[in-house]
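Listed here are the chains, written in short residue letters.
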Amino acid sequence: MNPFIILTSIRGDNKLRINVNHIVSYHQTTYSNSDKIYTHILVSGAQDRKVQETPKEIDILISNNVLSIPFTGNKS
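Residues numbered from 1 in each chain as written. Predicted model: local features only at pLDDT ≥ 70, side-chain atom pairs only at ≥ 80, totals over all residues. Heavy atoms only, no water.

(A) Focus on the overall build of the protein. A tally of regular secondary structure across the protein gives one helix and five strands. If you list the helices and strands of the protein from N to C, you get β-β-β-β-β-α. Per-residue burial over the protein gives 28% buried out of 76 residues. Within the protein, counting contacts between residues at least 6 apart in sequence, those at least 24 apart form 33% of the total. In the structure as shown, the protein presents an accessible area of about 5,300 Å², 51% of it carried by carbon and sulfur atoms. (Helix = DSSP H or I, 4+ residues; strand = E, 2+ residues; numbered from the N terminus. Buried < 20%, exposed > 50% of the residue type's maximum accessible area, 1.4 Å probe, protein only. Contact = heavy atoms within 4.5 Å. Areas by Shrake-Rupley, 256 points an atom, 1.4 Å probe, with all protein chains shown as cover.)

Structural data, given as C-alpha cells:
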C-alpha cells in the first residue's frame, strides 16, 4: 500500500502529492531573511519539499491516511 497525502507548496499554492512511506523527516522553520514560516520535508533520495502545512497538520494527515483500514474507513 502506498498512502499519499496532499500538501500545499509554498510556491504558487501548488498541490504536492507525497508518499508517506518516503518521508524521512519534517520540521517547521523560517527563511533567514523573513518571518515567513514553512515546513521543510526531507523525502528519501535526498529530495526536499517546502510546504505551508504545519508539522501538526502533517501528523494528522498521516495518521488519518495510514491508520485507516483500506476500503472500510475504520481505524486499525
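(B) Structural view of unusual backbone geometry. Of note in the backbone geometry, aspartate 13 takes a positive phi value of approximately 55° without being a glycine. The residue aspartate 13 is located in the loop between β1 (4–8) and β2 (15–19) in this model. Its relative accessible area of 52% is what places aspartate 13 among the exposed residues.

(C) Just the pairing of strand β5 (residues 47–51), in detail. Across five bridges, the pairing between strand β4 (residues 37–43) and β5 is antiparallel. If you follow histidine 40 over to β5, its bridge partner there is lysine 50. Where β4 folds back onto β5 in an antiparallel hairpin, the turn is made up of three residues, including glycine 45, whose phi is positive at roughly 90°. (Pairing = 2+ DSSP bridges.)

(D) Structural context of the sheet that holds β5. If you trace the three strands from one edge of the open sheet to the other, you get β3-β4-β5, paired in antiparallel fashion. Of all strands in the sheet, those bounded by a partner on one side alone are β3 (23–30) and β5. Strand-to-strand, the axes of this sheet are offset by a mean angle of 20°, without reference to chain direction. Bridge count for β3 against β4 is seven bridges, and the pairing is antiparallel. (Axes fitted to C-alpha atoms, helices over the stretch in contact; angles between N-to-C directions.)

(E) Fine view of the packing of aromatic side chains. Inspection of the entire model under this criterion finds one aromatic pair. Ring geometry for tyrosine 31 and tyrosine 38: centres 4.9 Å apart, planes at 45°, overall tilted. (Phe/Tyr/Trp six-rings, centres within 6.5 Å; stacked < 30°, edge-to-face > 60°.)

(F) Quick look at the side chain of asparagine 19. Positionally, asparagine 19 belongs in strand β2. The exposure class assigned to asparagine 19 is buried, which follows from its relative accessible area of 7%. Looking at asparagine 19, its side chain comes within polar contact range of the main-chain nitrogen of asparagine 21, at 2.8 Å. Look past the residues within four positions of asparagine 19 in its chain and what remains in contact with it is Asn2, Pro3 and Phe4. (Polar contact = N/O pair within 3.5 Å; in protein donor to acceptor, adjacent residues only side chain to side chain.)

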